[in-house]
Amino acid sequence: MSVVVSPPPPLPPAELLLKVQSIDLMKSQSGQNRTEHHTHLYQSDNLVIRRGQTFLMWITLSRPFSPDSDKLHLELKTGPLPTVSKGTHVIVPLVEEPEDGRWEAAVVRQEGSKMMLSVSSSPAAAVGRYELTVETNNASGQTVSVRDPANDVYLLFNPWCEDDAVFMDSEVERQEYVMNDIGRMYYGTRDQIGARTWSYGQFDDGILAACVFVLEKSGTPPSGWGDPINVVRVISAMINSPDDRGVVEGNWSGSYLAGTSPTVWSGSVEILKEYHKNLGSPVKYGQCWVFAGVFTTVLRCLGVPSRAVTNYSSAHDTDVSLTTDIYLDENLDPIDELNGDSIWNFHVWTDCWMARPDLPPGYGGWQAVDATPQETSQGTFRCGPASLAAVRSGQVFLKHDAPFVFAEVNSDKIYWQRKIDGTFSQIYSEKKLVGHAISTKAVGTDERNDITDLYKHPEGSEQERIAVETASRYGSKAEAYSSPTAEDVSVEVTMDGEGPKMGSDAGLTITLRNSSSERRQLVLHSQAAVMYYTGVHKATVRKDETEVDLQPNEGGWSLVGYKDYKDQLVDQAALMLTLSGRVKETQQVFATQFSFRLRTPDLILKPIGKAVVGEKMAVEISFTNPLPQVLKAVIFHVEGLGLLNARKIHYGDIGALESASLTEQLVPSLPGPRKLLASLDSRQLTQVHGVTDITVEGKSDGPKKKMIPVLKRESYSGLF
């Protein structure tokens, strides 16, 4: 028996298969793609583009492309489980007439076996890092290009695209809130506003990869990364370390030996790079301005317009009452264990810009988001986005976390006194204490822009009271607004000029006024305490009781000095004066609290030599210790985008009232106007900063023009 074996079918001729030989994404920083997508500043070798906009690419094939017999499409994949139905596996077809708002590609030029494609993306596409491959098909078979990490594409939000939810129609605002890599942080108190420069550094080498790593580390599905509402909520949780081992670990204890003191940081780059390098180990330590600075960097890097915002006299409502509650005992002394609510001298969070299709019309635009871990939102330490328009009108039922933000900027401070039977009654309320001088850096300048009117109506106006009463209906103490109070005796605390300097006595003026036609007698209780800037009590340094006799229509005042604070001071050199009293004739109770801080000196930075890319220069840093005590283990921190990477200098001790200086060498790496930032930290003194402007010349073989460094001291808006 014979067996007949059929010959195998012939293999398709190799030359008929269409293979991808190379891909050129035209990703040069100065090229058309990066320039038109406003991504030319990213120090990244990958293609960085914005969604909803076309980009160009060259594909080199093994032979000329024939539209009649060949088919070709692009594939972009992101996330651990790319899925077409979830938008994380994108198939980009080749079409003749591409339509806006869709993933499509068209041939715009063909040169032999090379062809240029114009590729458009969806303005709602998920942001992040995509792996790119090209697939070809024809009668001879199918081929897929090998994935090359160098051809991975970073896709960002697009504030220049009208169909993107983060679209912002003002170019000067886009330049400030997306493209500016330097900002200003405001701190201090409402009467002593301090300012410092913050280096966002969103375009610095490695920062884009670090920001995408933060998103990936969240464990949230990339299919949700096309919605900026969801993305900012995810990042809000990921910037702090509770729950998810996020970027920065908070520390308000005053002891930072296991890490870096929060006041030392002057930018986000070092923090994000360290977090990425250590594969997601939280960086120690941060407080509110650090959380806000890093948050703003990540948002700007991903293309969401954003800004750091400071609120003075910022309330922290712990029980969703929408009021700030102070509990006193029968003798009008504070009951510490019940006083969970607090008023921070200042608090820094972030505003971001986006449409809010999930809310009624009119609530898009600026949204408050906060990464400082204060209270949980749906079980996670995060906050926002809360529409500023909703907060302003008291519409606190609109998501996300509007009640908490409303309380921060516009809650009433209500004093409750314990009665004999253990219950509490409302004895006094302050309606104008919370939410003042809400500040952010102005567009295009280093000036402070007061945006309080975006968060609340004018204090005391009928509209503002309506907003408070509207919001309070959704709080846990709505009954607080039915308690009348007498108002014929008032108390006011004032401070001379810019306030006391560090190392000097702290003096305040207390003024009592009797607006009635009768005599008023009272006992004034006063207590001075050192506070953390969060409003948390550290130590009482003075306590007094004074009998006051006020004649009809008379005012009286006294000057109070405080000397005993020096051994108790913490990071922000903050003190609080608490006053309360009861009028004998009417039983009227009044109370107020006044926060103030001690002004710290600044660092003086003086550039030495010409600033030229690739050439050595130096900067001299000088400082005078204002305290009559030794500053121990002083650390200087210096950084500057394009000038030098962040570095710490362990200086040693600086004697009482002594001056110190040091010189640091640096080699500029980028041309143009640059800022060099420095800070000083020691156990005895913090919040000491300085900045200088340096204009760096590019490399040149010919004669160079003489460069005159522009020296300026850090502007402290009336503080220093």
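Note that the structure is a prediction, hence the values are computed from the model and not measured.

*Asks:* For this particular structure, what's the right way to read the overall build of the protein chain?
*Replies:* Of the regular secondary structure elements, the protein chain holds ten helices and 39 strands. For the protein chain, with 720 residues in total, the buried portion stands at 57%. Contacts spanning at least 24 positions in sequence make up 68% of the contacts within the protein chain whose residues lie at least 6 apart. For the protein chain, the accessible area works out to roughly 29800 Å², and carbon and sulfur atoms hold 50% of it.

*Asks:* Mind showing me how you'd approach the side chain of Asp 401 here?
*Replies:* Mapped onto the elements, Asp 401 comes out in the loop between α7 (388–393) and α8 (402–410). Among the polar contacts listed, one links the side chain of Asp 401 to the side chain of Arg 233, at a separation of 3.1 Å. At 2.8 Å, the side chain of Asp 401 forms a polar contact with the backbone nitrogen of Gly 384.

*Asks:* Explain empty space enclosed by the protein to me, please; I cannot follow it from the model alone.
*Replies:* Any space left empty among the atoms is revealed by the rolling of a water-sized probe across them. Applying the stated rule across the entire model yields two cavities of 30 Å³ or more. Reported here for the largest cavity is a volume of approximately 50 Å³. The wall of the largest cavity is formed by Glu 176, Tyr 177, Gly 183, Arg 184, Tyr 200, Arg 300, Arg 307, Ala 308, Thr 440 and Lys 441. Among the elements of the structure, α2 (171–179), β11 (182–189), β15 (306–316) and β24 (436–441) are those that each provide at least two residues to the lining of the largest cavity. Across the lining of the largest cavity, the residue classes tally to three nonpolar, two polar and five charged.

*Asks:* What is the right way to read the sheet that holds strand β34 (residues 617–624) from this model?
*Replies:* Spatial strand order, β33-β34-β37: three strands in an open sheet with antiparallel pairing. Of all the strands in the sheet, the pair left with one neighbour each is β33 (604–608) and β37 (659–666). Between one strand axis and the next, the sheet turns by 20° as a mean value, whatever way the strands run. Alignment of β34 against β37, held across eight bridges, turns out to be antiparallel. Of the residues in β37, the one forming a bridge with Met 617 is Leu 666.

*Asks:* Explanation requested: the pattern of salt bridges in the structure shown.
*Replies:* Pairing between side chains of opposite charge can happen when the charged atoms of each approach one another. All chains considered together, the criterion is met by 26 salt bridges. Measuring nitrogen to oxygen at the nearest pair gives 3.1 Å for the salt bridge that ties Arg 233 to Asp 401. Of this pair, Arg 233 sits in helix α4 (residues 228–239) while Asp 401 sits in the loop between α7 and α8; the two residues are 168 residues apart in sequence, bridging distant segments of the chain. Pair check on accessibility: Arg 233 and Asp 401 agree, each one buried. The network of salt bridges with common partners includes Arg 129, Glu 131, Arg 147, Asp 152 and Glu 216.

*Asks:* Got a minute to help me understand the nonpolar core in this structure?
*Replies:* A general trend in soluble globular proteins is that nonpolar side chains are found buried together. Membership of the largest hydrophobic core comes to 93 residues, with the highest contact counts inside it found for Met 57, Leu 74 and Leu 302. Examining the composition of this core, we find that eleven residues originate from one element, helix α6 (residues 288–302), more than from any other. When residues no more than four places from it in sequence are discounted, the contact partners of Met 57 are Ile 23, Asp 24, Leu 25, Met 26, Leu 74, Met 115, Met 116, Leu 117, Val 119 and Leu 132. Residues Ile 621, Leu 643, Ile 649 and Leu 685 belong to the second largest nonpolar core, which totals 58 residues.

Reading the values: the criteria
- Residues numbered from 1 in each chain as written.
- Predicted model: local features only at pLDDT ≥ 70, side-chain atom pairs only at ≥ 80, totals over all residues.
- Heavy atoms only, no water.
- Helix = DSSP H or I, 4+ residues; strand = E, 2+ residues; numbered from the N terminus.
- Buried < 20%, exposed > 50% of the residue type's maximum accessible area, 1.4 Å probe, protein only.
- Contact = heavy atoms within 4.5 Å.
- Areas by Shrake-Rupley, 256 points an atom, 1.4 Å probe, with all protein chains shown as cover.
- Polar contact = N/O pair within 3.5 Å; in protein donor to acceptor, adjacent residues only side chain to side chain.
- 1 Å grid on protein atoms, 1.4 Å probe; cavity = no way out; pocket = protein on both sides within 12 Å on 5 of 7 lines; lining within 4 Å.
- Points joined across faces, edges and corners; volume = space filled by probe spheres on them.
- Nonpolar A, V, L, I, M, F, W, Y, C, P; charged D, E, K, R; others polar.
- Pairing = 2+ DSSP bridges.
- Axes fitted to C-alpha atoms, helices over the stretch in contact; angles between N-to-C directions.
- Salt bridge = Lys/Arg side-chain N within 4 Å of Asp/Glu carboxyl O.
- Core = buried A, V, L, I, M, F, W, Y, C linked by side-chain atoms within 4.5 Å.

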